[in-house]
Amino acid sequence: MNSISPKNRRRASWMVPAALGTTALAASLFTGSLGAYTASITNSNNTAGAGSLVMQETGKDSTGAAVTCTSTDGTNNAATCATINKYGGNTAMSPGQSVSTQITLKNTGTVNATAATLTPGNCTNNPTTIDLCSQMQIVITENGTQIWSGTAAALAAKGPISLTAPAAGAANNYQITTTLPASATTASAGGQISQPLTWTYTA
């Protein structure tokens, strides 16, 4: 009967676990290779937002000082600018006298306007016993081209007037000339008119 020396017995004791470990490792590598290929793309910068449509009006007040009004000065991007008097503010005009006012409207927003309009409001006489609305002549030009000529009363009846829609960063120049006709008589003396004008951009 062959006997195993203590030295060989010790060698055999570690060779068996080593062989088992090698087999397990090989099985693990083989099993792990199944379905191990992957590919992926992560889009990490996905953003969206709303642009802005902002109207900026520049002109001068009754003292000649420069004035800037912006639609964002008001609520919901709708502001009132009372410091730039489009009819000049001269309440002591003589027959045949004219007053001109120049303004610039600019789209300072980030989106192009697709439409622009000027909507005149009702013309009010003060006192109501003197009818100047049907006499006072209003001429409006856009970039040097006439877009309206007639009385203040007719302007109120006209309704919205189409304007050039400005792209983002673009501007248009307007001149409003108010004339008390040379035919005005003493019956018109002391009368005044008031008429709101609303400029609108749409996108």
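Located above this text is the structure these notes cover.
Everything quoted here is computed from the prediction, not taken from an experiment.

Q: Mind showing me how you'd approach the overall build of the chain here?
A: Helix and strand content of the chain: 2 helices and 11 strands. Seen in sequence order, the chain has helices and strands lined up from the N terminus as α-β-β-β-β-β-β-β-α-β-β-β-β. Long-range contacts, defined as pairs at least 24 residues apart, comprise 71% of the intrachain contacts of the chain with a sequence gap of at least 6. Carbon and sulfur atoms make up 53% of the accessible area of the chain, which totals about 12800 Å².

Q: What exactly am I supposed to notice about the sheet that holds strand β11 (residues 197-202) here?
A: As a general point, the strands of a sheet are linked pairwise by backbone hydrogen bonds and lie either parallel or antiparallel. Pairing in this open sheet of 3 strands is antiparallel, and the strands run β8-β4-β11 from one edge to the other. Each having just a single partner strand, β8 (161-163) and β11 make up the two edges of the open sheet. On average, each strand axis in the sheet is inclined to that of its neighbour by 25 degrees, with strand direction left out of account. Inspection of the sheet shows strand β4 (residues 115-120) paired to β11 by 6 bridges, in the antiparallel sense. Directly across from leucine 118, in β11, lies its bridge partner tryptophan 199.

Q: What is the right way to look at the packing of aromatic side chains in this model?
A: Pairs of aromatic rings are described using the distance from one ring centre to the other and the angle between the two planes. Across all of its chains, the model carries 1 aromatic pair by this definition. With a centroid separation of 5.0 Å and an interplanar angle of 55 degrees, the aromatic rings of tyrosine 174 and tryptophan 199 are classed as tilted. Placement of tyrosine 174 in strand β9 (residues 171-179) and of tryptophan 199 in strand β11 is noted, with a sequence separation of 25 residues between them. Given the relative accessible area of 4%, tyrosine 174 is considered buried. A relative accessible area of 10% places tryptophan 199 in the buried class.

Q: For this particular structure, what's the right way to read the nonpolar core?
A: Counting 33 residues, the largest nonpolar core has Ile138, Leu155, Ile193 and Trp199 as its most contacted members. Looking at this core, the elements that each hand over two or more residues are β2 (66-70), β3 (98-107), β4, β6 (137-142), α2 (152-158), β8, β9 and β11. Apart from the residues lying within four places of it in its own chain, the contact partners of leucine 155 are Tyr87, Pro120, Ile138, Ile140, Trp148, Ile161, Gln195 and Leu197.

Q: What exactly am I supposed to notice about the sheet that holds β6 here?
A: Strand order in the open sheet formed by 6 strands is β2-β1-β3-β9-β6-β7, and the pairing between neighbours is antiparallel. Two strands lie at the open edges of the sheet, namely β2 and β7 (145-151), each paired on one side alone. On average, adjacent strands in this sheet sit at an angle of 20 degrees to one another, irrespective of strand direction.

Q: In this structure, what is going on with the layout of surface pockets? I would like to understand it.
A: To find the voids left in a structure, one rolls a probe of water-molecule size over its atoms. Estimates place the volume of the largest pocket at around 1100 Å³. If you go around the largest pocket, you meet 45 residues; those closest to its centre are Ile84, Asn85, Lys86, Gln195 and Pro196. Mapped by element, the contributors of at least two residues to the lining of the largest pocket are β1 (55-60), β2, β10 (192-194) and β11. With 5 residues, β11 is the largest single contributor of residues to the lining of the largest pocket. Here the residues of the lining of the largest pocket are counted per class, giving 23 nonpolar, 20 polar and 2 charged.

Parameters at a glance
- Residues numbered from 1 in each chain as written.
- Predicted model: local features only at pLDDT ≥ 70, side-chain atom pairs only at ≥ 80, totals over all residues.
- Heavy atoms only, no water.
- Helix = DSSP H or I, 4+ residues; strand = E, 2+ residues; numbered from the N terminus.
- Contact = heavy atoms within 4.5 Å.
- Areas by Shrake-Rupley, 256 points an atom, 1.4 Å probe, with all protein chains shown as cover.
- Pairing = 2+ DSSP bridges.
- Axes fitted to C-alpha atoms, helices over the stretch in contact; angles between N-to-C directions.
- Phe/Tyr/Trp six-rings, centres within 6.5 Å; stacked < 30°, edge-to-face > 60°.
- Buried < 20%, exposed > 50% of the residue type's maximum accessible area, 1.4 Å probe, protein only.
- Core = buried A, V, L, I, M, F, W, Y, C linked by side-chain atoms within 4.5 Å.
- 1 Å grid on protein atoms, 1.4 Å probe; cavity = no way out; pocket = protein on both sides within 12 Å on 5 of 7 lines; lining within 4 Å.
- Points joined across faces, edges and corners; volume = space filled by probe spheres on them.
- Nonpolar A, V, L, I, M, F, W, Y, C, P; charged D, E, K, R; others polar.

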